[in-house]
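Descriptive structure summary
Chain by chain, the residues:
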Amino acid sequence: MVVRETVCWRDRFDRSQVFTTTAGAGGWAIADTSSSGTPTYTTIDGGGAKLTCVSTSEAEILTLYQKDVLPFPLLNIQRMSFLAKVAGIDNVTTLTMGLGSARDDTDDSVTTNAWFRMEGSASLTLVVVETDDNTTDNNDVATTKTLASTWKKFVIDFTNGIADVRFFIDGERVASGTTFSMSAATSTTYVQPIFQIQKASGTGVPSVTIRDIEIEYTTALGA
């Protein structure tokens with residue numbers, strides 16, 4: 001007998017938690033490359049996880065992720081959704097939010113990914129989308145949508161098949177002129193949620209706040 005079901009993994013960050021380099025509640029861990037500054041990464045009142053760079057003049061990369069334990073088989077994911085807002089984005093800030101394989105300080109070096117990005121060097125508000133299955137790389141595709149200090153809902157939808165991944169912001173499909181194929185993915189391709197904010201230099205204090213993360217995926221147990 002084979003039991004098939006759809007599982008919804010979610011985290012609303014509705015608890016007190018300071019993230020550390022050791023995986024804690026929800027499997028979350030932080031990667032922090034700062035050398036002399038003390039960035040903050042913690043849950044906040046009302047629910048949410050906030051990552052904030054510090055004003056120390058240095059390069060900093062903060063990543064909230066599952067410590068490279070990759071719990072989700074990409075071919076089984078139906079959709080990922082989350083709410084996000086930002087503050088302090090400047091022209092040396094990069095923000096990445098979505099799904100990926102093992103993290104890297106250079107987000108474009110992550111082997112497999114499907115995510116939303118902001119490149120401060122290109123725009124302080126505009127959001128782009130990307131997919132990469134280690135064969136086909138759709139990089140920095142414009143959405144014409146912006147992200148700032150108000151909550152917006154982001155969705156990565158796989159229900160049309162792995163060869164037609166779709167992106168939505170506040171219920172509206174974006175970048176529809178591009179076909180995002182991840183068809184080189186296999187049954188051994190696993191991913192994790194990744195939220196990474198970084199500044200290349202300077203005294204800026206960019207931040208991102210995330211809440212209401214949901215990942216729906218299918219399972220089949222038995223034989």
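Residues numbered from 1 in each chain as written. Predicted model: local features only at pLDDT ≥ 70, side-chain atom pairs only at ≥ 80, totals over all residues. Heavy atoms only, no water.

Considering the overall build of the chain
Scanning the chain for helices and strands turns up zero helices and 16 strands. Considering only C-alpha atoms, the chain reaches an extent of 55 × 40 × 30 Å along its principal axes. Partitioning the contacts of the chain with sequence separation of at least 6, the portion at a separation of at least 24 is 66%. As displayed, the chain has an accessible area near 9,600 Å², and 48% of this comes from carbon and sulfur atoms. Averaged over its 17 positive side-chain charges, the chain has a centre that lies 7 Å from the centre of its 26 negative ones. (Helix = DSSP H or I, 4+ residues; strand = E, 2+ residues; numbered from the N terminus. Contact = heavy atoms within 4.5 Å. Areas by Shrake-Rupley, 256 points an atom, 1.4 Å probe, with all protein chains shown as cover. Lys, Arg positive; Asp, Glu negative; His and termini not counted. Charge placed at Lys NZ, Arg CZ, Asp CG, Glu CD.)

Quick word on the pattern of salt bridges
By the definition in use, this model includes 14 salt bridges. The salt bridge partner of Arg 15 is Asp 11, with a shortest N-O separation of 2.9 Å. Owing to a relative accessible area of 6%, Asp 11 belongs among the buried residues under this scheme. Notably, a salt bridge pairs Asp 107 with Arg 117, separated by 3.2 Å at the nearest N-O pair. Of this pair, Asp 107 sits in the loop between β8 (93-100) and β9 (113-119) while Arg 117 sits in strand β9, placing them 10 residues apart in sequence. You'll find Asp 107 and Arg 117 in the same group, each marked buried. Salt bridges linked by common partners bring Arg 10, Arg 12, Arg 211, Asp 212 and Glu 214 together as one network. (Salt bridge = Lys/Arg side-chain N within 4 Å of Asp/Glu carboxyl O. Buried < 20%, exposed > 50% of the residue type's maximum accessible area, 1.4 Å probe, protein only.)

Some words on the pairing of strand β13 (residues 166-169)
Side chains Phe 167 and Ile 169 project from β13 onto a buried face, and the interleaved Arg 166 and Phe 168 project onto a face without burial. Note that strand β12 (residues 152-157) and β13 share four bridges and pair antiparallel. Paired with Phe 154 across the bridge in β13 is Ile 169. Pairing of β13 with strand β14 (residues 172-174) involves three bridges; the strand directions are antiparallel. Each bridged residue has a counterpart across the sheet, and for Phe 168 the counterpart in β14 is Arg 173. (Pairing = 2+ DSSP bridges.)

Side note on the side chain of Thr 93
Take Thr 93: it is sitting in strand β8. Within polar-contact distance, the side chain of Thr 93 engages the side chain of Asp 90 at 2.7 Å. In this structure, Thr 93 is in contact with Gly 88, Met 118, Glu 119, Gly 120, Ile 197, Gln 198, Lys 199 and Pro 206, ignoring residues within four places of it in sequence. (Polar contact = N/O pair within 3.5 Å; in protein donor to acceptor, adjacent residues only side chain to side chain.)

A short note on the nonpolar core
Grouped together as the largest cluster of nonpolar side chains are 47 residues, with contacts concentrated most on Phe 82, Met 97 and Phe 116. Ala 29, Val 110, Trp 115 and Ile 194 belong to the second largest nonpolar core, which has six residues in total. (Core = buried A, V, L, I, M, F, W, Y, C linked by side-chain atoms within 4.5 Å.)

Focus: the side chain of Asn 138
Mapped onto the elements of the fold, Asn 138 is located in strand β11 (residues 137-146). Overall, the relative accessible area of 15% leaves Asn 138 in the buried class. Those residues in contact with Asn 138 that sit more than four places away from it in its chain are Val 129, Glu 130, Thr 131, Thr 178, Thr 179, Phe 180 and Ser 181.

Some words on unusual backbone geometry
The backbone phi angle of Lys 67 is positive, close to 60 degrees, even though this residue is not glycine. Along the chain, Lys 67 falls in the loop between β5 (60-65) and β6 (72-73). Positive phi values are uncommon outside glycine, yet Asp 140 reaches one of about 50 degrees. Along the polypeptide, Asp 140 turns up in strand β11. What makes Asp 140 partly exposed here is its relative accessible area of 34%.

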